[in-house]
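Structural features, examined
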Amino acid sequence: MTTHLRTLGHLTLGFLASLALVATATPATAAALPAAPLPTVPLSTAALSTTPLPADGPGVGTPWVVTLGDSYISGEAGRWAGASNSDYRRADALGPTAYFDNPGGTGELIPRCHRASSAEAYIGGGTNGLNLACSGATTATSAGSPFKPGIDFYSSGGNKGQALLLQEAAATRNVSMVVVSIGGNDFEFASVVQTCVVNFLTSPSWWKNYCHDDSSVAANFTAANVAAVRARVTTALRNVATAMSNAGYRTDQWTLVVQTYPSPVPDGSGFRYAESGYTRQSVGGCGLWNRDADWANSTALPTINGALLGAASDVGLPNVRTLDMTHAFDGRRLCETGVGLYEEVGLPDWRSAGAVDRTEWVNQIRTVTTIGDSPYYVQESLHPSYWGQLAMRNCLRQVWNGGAPRSGSCTVGNLGTARLTASGEPAMVLGPLDQG
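Below: a short report on this structure. (Residues numbered from 1 in each chain as written. Predicted model: local features only at pLDDT ≥ 70, side-chain atom pairs only at ≥ 80, totals over all residues. Heavy atoms only, no water.)

Counted at 1.5 Å a residue, the expected span for helix 6 (residues 223-246) with its 24 residues is 34 Å, and the 34 Å between its end C-alpha atoms agrees. Those residues of helix 6 not exposed but buried are Asn225, Val226, Val229, Val233, Thr234, Ala236, Leu237, Asn239, Val240, Ala241, Ala243 and Met244. In this structure, the buried side of helix 6 is in contact with strand 1 (63-69), helix 3 (162-170), strand 5 (174-181), strand 6 (255-259) and helix 8 (290-314). (Helix = DSSP H or I, 4+ residues; strand = E, 2+ residues; numbered from the N terminus. Expected span 1.5 Å × (residues − 1). Buried < 20%, exposed > 50% of the residue type's maximum accessible area, 1.4 Å probe, protein only. Contact = heavy atoms within 4.5 Å.)

Glancing now at the packing of helix 3 against helix 6. Helix 6 packs onto helix 3 with a crossing angle of 25° between their chain directions and a minimal axis gap of 8 Å. The orientation of helix 3 relative to helix 6 falls into the category roughly parallel. For helix 3 against helix 6, the interelement crossing comes out right-handed. Residues Ala163, Leu166, Gln167 and Ala170 of helix 3 lie in contact with helix 6, whose contacting residues are Asn239, Val240, Ala243, Met244 and Asn246. (Axes fitted to C-alpha atoms, helices over the stretch in contact; angles between N-to-C directions. Parallel < 35°, antiparallel > 145°, perpendicular 65-115°, else oblique. Left-handed = near helix turned anticlockwise from the far one by under 90°.)

Let's shift gears to unusual backbone geometry. Here Ser145 and Pro146 are connected by a cis peptide whose omega angle stands at 5°. By secondary structure assignment, the location of Pro146 is in the loop between strand 2 (128-131) and strand 3 (155-156). Despite not being glycine, His114 shows a phi value in the positive range, around 50°. Along the polypeptide, His114 turns up in the loop between helix 2 (71-74) and strand 2. For His114, a relative accessible area of 0% puts it in the buried group.

Okay, here's the thing in structure tokens:
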């Protein structure tokens, strides 16, 4: 059997209600009033009465949460709640406008950034959200086509880096918390995943060709490359601090949250599909050998997240917090035992009672045989789907902590009980920070 893998050029790591870009409210046009004589008042009082109220900005106005980074925080795959190979409509929670983030809700501000309306930025509760992240982004801007803004001050032809966009937004908003998830694409995770899936599909179970020991994969996890990526993430975080300083903020007026990546697949022993044959990929969309999945969780993910945590320390700011997502999806990961496709668990669609508890929170790795004529994007592969995005939002709301941000590690609450919050999110637990 031969399966041709579509390019995963925009696949980014996991290893994302309201519009993805919330526009600043503008005052309504005042109604015409009849002329009336002005009251006689002292000059100083009259001058005060005509002084405009201060505009929103540093420390003034409704608080905003701004998210920066790549696909795992932009909302990639946030359209899909679970998966079905028989009818994609069973999992289509947000429909074709899922990634429309322009003010009119008619398209994307930056094509393929995939800023979903289910993304975590929109914690609500009297706090506004602004999503400036972009699927496929690295720490530095890629000015090619498609344009991918990094966390820098790039500006050319109307295209801008995420740090510059933050600086401009923060000048007229009370940005109280900035959340950053970046670095996965700097580790070339797209090519790593592609290599792993190709190796699975092109080698037999009695002569497995593993990806974790391929030179092209191992090169991303050498000590030298890890140090280089850590330095680039540190620079990105310092760009965030510079943007906020340029917008007029003191460090005590805002908090920087560095967010790590969740594990998207279980260890090899936790897959519900056998290694033999092609079912693991053709049905489950998780074509990885057990030993490669073990390596992903024991080596690759801790290395990547360790670089982010190191950068959070290296940036040397007093207002840094950390949100560890490593185990946020445990029990709901792609192809994990205990959850399944809608046709496997006997549920009609994502609206069914218990769907959040019995279906996966990570989108399938799509190939020609599994994407078919459906509206899936290959770049949605291996990303938090609708339930995963809402779960991360629930975690972030707990980090916000009513305006007193705190660090922590997030895990699934009440596993197996299908518990949702009043806002329709999976109930998560924010515990002590522990990346292990």
